[in-house]
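Per-entry structural report
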Amino acid sequence: MRPLRVALIGDYSESIVAHRAIPLALELAGKTLSRQIDAHWIETDALVIPTDSQLTDYDAIWCVPASPYQNKNAAIDAIRYARENTRPFLGTCGGYQHALLEFARNVLGHVEADNLEDNPETQFPLVAPMACALRDTAGQIDLIAETQIAGIYGNTRIEEEYNCGFGFNSEYRELFDDSALRISAVDALNDPRAIELSNHPFFIGVAFQPERSALKGDQHPLVTAFARAAIERCD
């Protein structure tokens with residue numbers, strides 16, 4: 001069996017905890033599933049829109065934390081590719097935010113949807129500052145019953161680590177009510193913390209950083225489920 005190829009979309013920096021953790025998290029998932037996983041970093045400014053030809057050889061796509069990206073539109077286009085071509089997709093922190101933007105722009109038609117972090121003049125702040133920034137801290141999350149993510153965890157209440165100051169602006173949550181993209185987790189204040197696509201084998205975005213568990217030597221169920229979905233597609 002050949003190794004799985006996973007594209008890591010983001011601008012790598014050794015100083016970013018999540019970036020150091022992600023290869024370890026995939027390695028642990030590979031050991032759990034008895035499959036080698038080769039992770040390849042792709043800088044956003046190395047992507048050329050459309051990104052299709054650069055991503056065809058990858059079994060799965062992970063859009064990683066630490067935004068604003070050097071090329072936001074290229075990251076969004078990579079997410080579009082994963083969505084339209086049934087590539088298993090995981091977006092953590094910044095990747096989650098950009099998955100929201102991709103769907104709002106390309107599926108719902110709100111091309112003006114944007115992120116206040118890198119566009120403070122936007123009139124459609126789909127991604128906006130959290131009421132309280134979550135920097136290197138853990139928080140309680142309630143997973144909505146009968147969602148894919150709840151099935152992965154086997155629980156409806158979890159605790160995860162964050163390092164973010166921006167998230168899904170709840171003022172716009174009704175835009176997604178009748179769409180394939182659904183909110184699948186909320187925090188104690190009912191603010192969105194995860195999304196998933198109902199018409200895709202594996203397309204999940206989370207505001208938190210599950211990869212950090214690897215720094216303690218622990219495999220994470222969400223990362224392992226992502227890798228398992230890649231194996232199923234590959235085989």
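Figured I'd write up the structure that's included with this text.

**A few points about the pattern of salt bridges**
Counted by the stated rule, this structure contains 16 salt bridges. One salt bridge in this structure joins glutamate 84 and arginine 83, with 3.7 Å as the shortest N-O distance. Assessed through its relative accessible area of 46%, glutamate 84 is described here as partly exposed. What makes arginine 83 buried here is its relative accessible area of 15%.

**Looking at the packing of helix α3 (residues 72-84) against helix α4 (residues 94-106)**
Running from amino to carboxyl end, α3 crosses α4 at an angle of 75 degrees, the nearest separation of the two axes being 9 Å. The angle between α3 and α4 places the two elements in the roughly perpendicular class. When α3 is examined against α4, the residues Lys72, Asn73, Ile76, Ile79, Arg80 and Arg83 are found in contact with a partner set consisting of Gly95, His98, Ala99, Leu101, Glu102, Phe103, Arg105 and Asn106.

**Quick word on the packing of aromatic side chains**
Enumeration over the complete set of coordinates arrives at 8 aromatic pairs. Between the aromatic rings of phenylalanine 124 and tyrosine 172, the centroid separation amounts to 4.6 Å while the plane-to-plane angle is 15 degrees, which identifies the pairing as stacked. Separated by 48 residues along the polypeptide, phenylalanine 124 in the loop between β5 (114-115) and β6 (125-143) and tyrosine 172 in the loop between β7 (157-168) and β8 (181-186) bring together distant segments of the chain. Phenylalanine 124 sits in the buried class, given a relative accessible area of 8%. The structure contains a cluster of three or more aromatic residues connected by ring pairs, namely Trp62, Phe202 and Phe226. We note arginine 5 situated over the ring of tyrosine 58; from NZ or CZ to the ring centre the distance is 4.5 Å.

What counts, and where the lines are drawn
- For every chain, the first residue of the written sequence is number 1, and numbering continues from 1 onward in sequence order.
- Local features in this predicted model are restricted to residues whose pLDDT is 70 or higher, and side-chain atom pairs enter the listing and the counts only when it is 80 or higher, whereas totals over whole chains, interfaces and linings include all residues.
- Based on all heavy atoms of the structure, the side-chain values leave hydrogens and waters out of the count.
- The salt bridge criterion pairs a side-chain nitrogen of Lys or Arg with a carboxyl oxygen of Asp or Glu, the two atoms within 4 Å.
- Note on classification: 1.4 Å probe, protein chains only; a residue is buried when its accessible area is under 20% of the maximum for its type, exposed when over 50%, partly exposed between these limits.
- Angles here are taken between N-to-C directions and fall from 0 to 180 degrees, while the axes themselves are lines fitted to C-alpha atoms, restricted in helices to the stretch in contact.
- In DSSP terms, a helix is any run of H or I states spanning at least four residues, a strand is any run of E spanning at least two, and both are numbered starting from the N terminus.
- Each angle gets one of four labels, with under 35 degrees taken as roughly parallel, over 145 as roughly antiparallel, 65 to 115 as roughly perpendicular, and the rest as oblique.
- Contacts are assigned to residue pairs with any non-hydrogen atoms lying within 4.5 Å of each other.
- Note on aromatic pairs: the rings of Phe, Tyr and Trp (six-membered ring only in Trp) are paired at centre separations within 6.5 Å, and the planes decide the class, stacked below 30 degrees, edge-to-face beyond 60, tilted for the rest.
- Placement of a charge over a ring requires the Lys NZ or Arg CZ to be within 6 Å of the ring centre, with the centre-to-atom vector within 35 degrees of the ring normal.

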